[in-house]
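Inside the fold
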Amino acid sequence: MRLQGFEATAGVAPLSRRRFLKIAGLAGGGFALGLAGLPEMANADNGGAPKAPSPPQAFVVIAPDNTVTIAVNRLEFGQGVHTALPMVLADELDVPWASVRSVLAPAGDAYRDPGFGIQMTGGSTALRNSFGQYRELGARARAMLVAAAAKQWNVDPSACTAQQGVVTAGSQRATYGELAHAAMALPIPATVTLKDPSQFRIIGKPTPRLDAASKLHGDPVFGIDTRLKDMVVAVVAHPPRFGGKVKTFNADKALAIKGVREVMLVPVDRDGTGIAVVADGYWPAKQGRDALQIDWEDAGSRAGTKALYEEYGKLATQPGMVALASAHGDIDAAIKGASRVIDAEYRLPYLAHAPMEPLNCTMQAEISGNKATGVKVWVGSQFQTVDQAAIARTLALPTEKVTLYTMMAGGGFGRRAVPTSDYLVESAGVLRAWIARGHAEPLKVMWSREDDIKGGYYRPLHVHRARIGFDAKGQVLGWQHAIVGQSIIIGTPFEPFLVKNGVDSTMTEGIVENEYGLPMQVSAHHPKTDVAVLWWRSVGNTHTAFVKETLIDEMATAAKQDPVAWRMARLDPTHHARHRDALQLAVDRSGYGKRKLPKGHAWGVAVHESFGTVVAYVVDVSVVKGEARVHRVTAGVHCNRVVNPLTAEAQVQGACIFGLSMIRPGFAIEMENGVVKNSNFPDYPPPRMPDAPPIDVFFVPSEDPPAGLGEPGVPPLAPAVANAVFRLTGKRQRQTPFVLA
């Protein structure tokens, strides 16, 4: 980690005021638009008053050599936002793309999501919420540069033209780098005129990622790469059950290992306790932990997946909270009078996030006596505002005394966006114990792969029960649907917004929308267990889309209709035109219904909307040695305007592989008597390179503002494959992972 002499050309370092100023060359006597005089951002809740305009000074540095450095208010963890948001701002600013660099912004009020009011990355909102924001930032910076030139030349701003990093007025000419120092001191315009999209030079063009070269070269850009002088590393022995506590422990063997500095009792998540081993590096710390002798109290969760499935299955047959009321009369009576009834139970397991970079956090404290008076934090956080406040509470510090640098992360899929800030609170607790022992060295807390998979905050286990009645012609008379699963929202700060009438809307999203216009009612149950649960990439859509789209295929079969034709007949051309366009695009590009597949292969289809984007998959599948083998995926995607086609395509391909993991044998977190049985990739196997099929991605053209794209590619994959498997085997899949034998 280059902590000194940061080079902007790397485009991947965390942002601090000192580094941002250094980028701009302030120490050398020249400066530009950036940071100085940063206005306060308006609070998200300001009583309905107009929000203050976004301050370009917090986001843009233009150096005297005309290099433009743009701060990204999100976490970059593979989705390409480190490039896409700078593309948006640079287009409105009107600078050559070759002059653009980007950095990740630290925790700060200026960088809060304009929709949510906190700094965060999640819900596929980066471009969805900040596209307009970054356009306005670029336009405001451009207007300030024009105003500075007009003032210098004593002309009206309307006489000036700003283009490709240069302002002109008649024969007069000045580069942005020459004007930026003066422009910084000018008022921020309250309103600006944005470009007509026909004038875009960068948006919509396939653009290589700014962070690609550094990652390919192996430069240290991730949180786990952080190295500080005299830094030590801590690993924590967590209780085998969630909420468990240490009864007694013997640290003699751990302390005998070379490099081990301290062994300390520390608090861990869910009111448990654990043992932190601090050493000169990760390996001696891990060896020390392995050598510990710990007697755990007989406390903590006793959950078991088998028992939970049975309990949830019984709940699914009982009346629950109403998530979607019927608009078609008495559904129960309609089903009782049906010629044929589907009565199906679906079981969907706990799932771990398992990002390639395990959880980690580096902290360096300012110390007075045996207490921290301030702390710097290097971490790949999805929730900067929440995490900064949690660290401050744990260390009894004012929030402004916590400086949080956003590092790139090697994946997250939701695990780095925890309302409890569990691993950061744990890290702060280890730091506090370290300081109390009289130490001042910076400390990095690292999780192993086993810690990560056993550490909880899983996608919840769910049971769905569907009862669908048909008439003699296969027409749907009524659909009763019950969903049982833990709430990931109740008890968090998001509860007031996402829980209605007791129902966690993140659990029912993806099915209550009822886009096919069927006579339907949905109910929900939220049983409580001690298992820590959280959103997982695409949240509730991961299970609702699977259940819904396999049942839709079953309905089409009951009606003796082609599954694409059945869907098209029920997707309203006015209200669901985007569904129809995405599905038709996937069908046309795949050759579905026209191209003959090899013997032993079958088509599968699914379409689903989440986070404002519709994704339709047509898959070519066979069954090999009792497993589904996907030979090709064709995706039709309607995500509105595509900012960077290269990263957009990669997002859908990555989400498709992520969705493929759901059907893999063994890809389920199993618990027995409160203990997680999985430990690493051999018993929680993600797809490998040989499992990855060719994935062709096609986008429906659109001029509308971007919708979400990080997550929508996940939900339709598993049901599309399941529908193909039915055509090959005659067996419906009522669970993930699939059971084909």
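Residues numbered from 1 in each chain as written. Predicted model: local features only at pLDDT ≥ 70, side-chain atom pairs only at ≥ 80, totals over all residues. Heavy atoms only, no water.

Here we take up unusual backbone geometry. With an omega of -5°, the peptide bond running from Thr736 to Pro737 counts as cis. Mapped onto the secondary structure, Pro737 falls in the segment after helix H19 (717–729). In this structure, Asn66 takes a positive phi of about 75° despite not being glycine. By the secondary structure assignment, Asn66 is in the loop between strand E1 (60–62) and strand E2 (68–72). A positive phi is found at Ala354, a non-glycine position, where the angle reads about 50°. Along the chain, Ala354 falls in the loop between strand E13 (340–348) and strand E14 (360–368). (Helix = DSSP H or I, 4+ residues; strand = E, 2+ residues; numbered from the N terminus.)

The mixed open sheet is built from 4 strands, whose spatial order is E23-E24-E25-E28. If you trace the sheet from one side to the other, it starts and ends with strand E23 (601–610) and strand E28 (695–699), each paired once. Ignoring which end each strand starts from, the neighbouring axes of this sheet average 20° apart. Bridging between strand E25 (residues 627–638) and E28 involves 5 bridges; their strand directions are parallel. Within the sheet, the bridge partner assigned to Thr634 lies in E28 and is Asp696. Against the sheet, helix H17 (residues 577–590) touches E23, strand E24 (613–624), E25 and E28, its axis set at about 130° to E25. (Pairing = 2+ DSSP bridges. Axes fitted to C-alpha atoms, helices over the stretch in contact; angles between N-to-C directions. Contact = heavy atoms within 4.5 Å.)

Bringing the UniProt feature "domain: Aldehyde oxidase/xanthine dehydrogenase a/b hammerhead" (unreviewed entry) in the chain into the picture now. Per the UniProt record, "domain: Aldehyde oxidase/xanthine dehydrogenase a/b hammerhead" (unreviewed entry) is found at residues 217–300. Across residues 217–300, helical content stands at 17% and strand content at 38%; the span's end C-alpha atoms are separated by 45 Å. (UniProt positions renumbered as here; feature names shortened; annotations may be inferred.)

The next thing to look at is the confidence of the model for the chain. Across the chain, the average pLDDT comes to 92, with 93% of residues at or above 70. Note that pLDDT drops below 50 for residues 1–32; the model gives that stretch 82 contacts with residues more than four away or on any other chain. (pLDDT = per-residue confidence, 0-100.)

Let us now look at the nonpolar core. Ranked by size, the top nonpolar core spans 116 residues in total, and within it Tyr350, Trp479, Met555 and Tyr617 carry the most contacts. When residues of this core are assigned to domains, at least three map to each of domain 2 (223–300 + 359–446) and domain 3 (319–352 + 458–729). (Core = buried A, V, L, I, M, F, W, Y, C linked by side-chain atoms within 4.5 Å. Buried < 20%, exposed > 50% of the residue type's maximum accessible area, 1.4 Å probe, protein only. Domains from an automatic or database assignment.)

This paragraph deals with the side chain of Lys195. In this fold, Lys195 is placed in the loop between helix H4 (176–184) and helix H5 (212–216). Of the residues examined, Lys195 reaches a relative accessible area of 10% and is grouped as buried. Here Asp91 takes part through its backbone oxygen, which lies 2.6 Å from a polar atom of the side chain of Lys195. When near neighbours in sequence (up to four residues on either side) are disregarded, Lys195 contacts Asp91, Glu92, Asp94, Arg135, Arg142 and Phe200. (Polar contact = N/O pair within 3.5 Å; in protein donor to acceptor, adjacent residues only side chain to side chain.)

At a closest axis distance of 9 Å, the pairing of helix H15 (residues 541–558) and helix H16 (residues 563–570) adopts a crossing angle of 100°. Accordingly, the angle class assigned to the pair H15 and H16 is roughly perpendicular. Touching Glu549, Ile552, Asp553, Met555 and Ala556 of H15 are Pro563, Trp566 and Arg567, all from H16. Class assignment for the residues of the contact of H15 with H16 results in 5 nonpolar, no polar and 3 charged. (Parallel < 35°, antiparallel > 145°, perpendicular 65-115°, else oblique. Nonpolar A, V, L, I, M, F, W, Y, C, P; charged D, E, K, R; others polar.)

Side chains bearing opposite charge may pair, as long as their charged atoms lie close to each other. Within this structure, the stated rule accounts for 38 salt bridges. The partner of Arg201 in a salt bridge is Asp94, with the nearest N and O atoms 3.6 Å apart. Remark: Asp94 occurs in the loop between helix H2 (81–93) and strand E3 (100–104) and Arg201 occurs in the loop between H4 and H5; sequence separation between them is 107 residues. For Arg140, the salt bridge goes to Glu136, with nearest N and O atoms at 3.0 Å. With a gap of 4 residues between them, Arg140 and Glu136 both fall in helix H3 (residues 126–153), about one helical turn apart. The buried category is assigned to Arg140, whose relative accessible area is 4%. Here the salt bridges share partners, and the residues they tie into one network are Asp332, Lys336, Asp343, Arg465 and Arg467. (Salt bridge = Lys/Arg side-chain N within 4 Å of Asp/Glu carboxyl O.)

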